[in-house]
Amino acid sequence: MMKFVFQPLIDLRHHALAGFEALARFRDGRTPQAHFNEARLAGSLVDLELRALDQILAASHAIPDGLLLTMNASGPAIDAFAKQRPELDPRLAWGLELHELSAPELCGRARISADELGCLLLVDDAGIGYATRERITQLKPHIVKLDRSLFVHYRSSPEAHEHVDLLLAAARAINAQTLVEGVETAQHLALAQDLGFDYAQGFYFSPGLDAQQLPEAMAGLRQRLGIDTPGF
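Before going into details, it helps to say that this report is about the structure given with it. Every chain is numbered independently, its residues counted from 1 as its sequence is written. Only residues with pLDDT of 70 or above have their local features reported here, since the model is predicted, and side-chain atom pairs are shown and tallied only from 80 upward, although totals for entire chains, interfaces and linings are computed over all residues. Neither water nor hydrogens contribute to the side-chain values; these are computed over all heavy atoms in the structure.

Attention now goes to the pairing of strand β2 (residues 16-26). Partly exposed describes any residue whose relative accessible area lies between the buried limit of under 20% and the exposed limit of over 50%, with all areas from a 1.4 Å probe on protein chains only and scaled to the type maximum. By the criteria applied, helices consist of DSSP H or I runs no shorter than four residues and strands consist of E runs no shorter than two, each listed in order from the N terminus. Taken across its 11 residues, β2 has 10 buried, putting it largely inside the fold. Only when DSSP finds a minimum of two bridges between them are two strands counted as paired. The pairing of strand β1 (residues 2-11) with β2 spans 10 bridges and is classified as antiparallel. When the sheet's bridge partners are listed, Lys3 is paired in β2 with Arg25. Relative to strand β3 (residues 68-73), β2 is paired through three bridges, and the arrangement is parallel. Across the sheet, Glu21 pairs through a bridge with Thr70, a residue of β3.

Laid out in structure tokens, this is it:
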């Protein structure tokens, strides 16, 4: 029913592959959003998320030693995952991306649960839904991940410009690192570097890839952009 693809996360300061985000795909062709929304309405969202997290753990053998692997989850799923005490592959660094639609009253323990698991906590899609400056200040995530829609309109929209600047200031005030998604062009990459982001992901580097595609794709990334891809 479910499989996962892996999209590269690029360390902009060292021009190197930092890791991957695991992204769910469903074999029936429906979008992940459709499946997770359906589960939310049926009251089975956490069960579906936990199945997804377990399957990512099983698929993590495809990721080389020392890289970061991030997984998406709601606040309740992060707490339930921590209670399971899963065995995370010690070869890797792990991250949990807190979903932007997870309500604040359900996320108060997200940083504590992530710490119990030995995972980094990421606030996903900052600037959208509940992923506000207040969430950043309250939870003190390790990484703040900026939503694509704000980033791509940074130059053209004064509102987006101001919003991005405020989110970056909030992240830096708590010494969090920053990651931007939606880097699709060389101009996007230059903007991400100008704004001082630590990490980036997007189709300019690579789409999400099946595990068997990773070696060839990472060799291509190295040849095309000169990015160091350790382990490949």
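Right, picking up where we left off after that structure.
The axes are straight lines fitted to the C-alpha atoms, using for helices just the contacting stretch, and the angles between their N-to-C directions are given from 0 to 180°. Contact geometry of helix α1 (residues 32-42) with helix α2 (residues 45-59) gives a least axis separation of 7 Å together with a crossing angle of 140 degrees. In terms of orientation, α1 lies oblique with respect to α2. Only Leu45, Leu48 and Glu49 of α2 make contact with α1, whose side of the interface consists of His35, Phe36, Ala39 and Arg40. Residue type decides the class: Asp, Glu, Lys and Arg count as charged, Ala, Val, Leu, Ile, Met, Phe, Trp, Tyr, Cys and Pro as nonpolar, and the leftover types, Gly among them, as polar. A breakdown of the residues in the contact of α1 with α2 according to their chemical character gives four nonpolar, one polar and two charged. Any angle from 65 to 115 degrees is called roughly perpendicular, while one under 35 is roughly parallel, one over 145 is roughly antiparallel, and all others are oblique. Note on contacts: a residue pair qualifies if any of its non-hydrogen atoms lie within 4.5 Å across the two residues.

Definition used for salt bridges: Asp or Glu carboxyl oxygen within 4 Å of a side-chain nitrogen of Lys or Arg. The tally for this structure, following the rule as stated, stands at 14 salt bridges. Here Lys145 ties to Asp124 by a salt bridge, and the two come within 3.9 Å at their closest N and O atoms. With a gap of 21 residues between them, Lys145 in strand β6 (residues 143-146) and Asp124 in strand β5 (residues 120-126) connect regions that are remote in the sequence. In this pair, the class of Lys145 matches that of Asp124, namely buried. The structure contains a network of salt bridges with shared partners spanning Glu21, Glu97, Asp124, Lys145 and Glu181.

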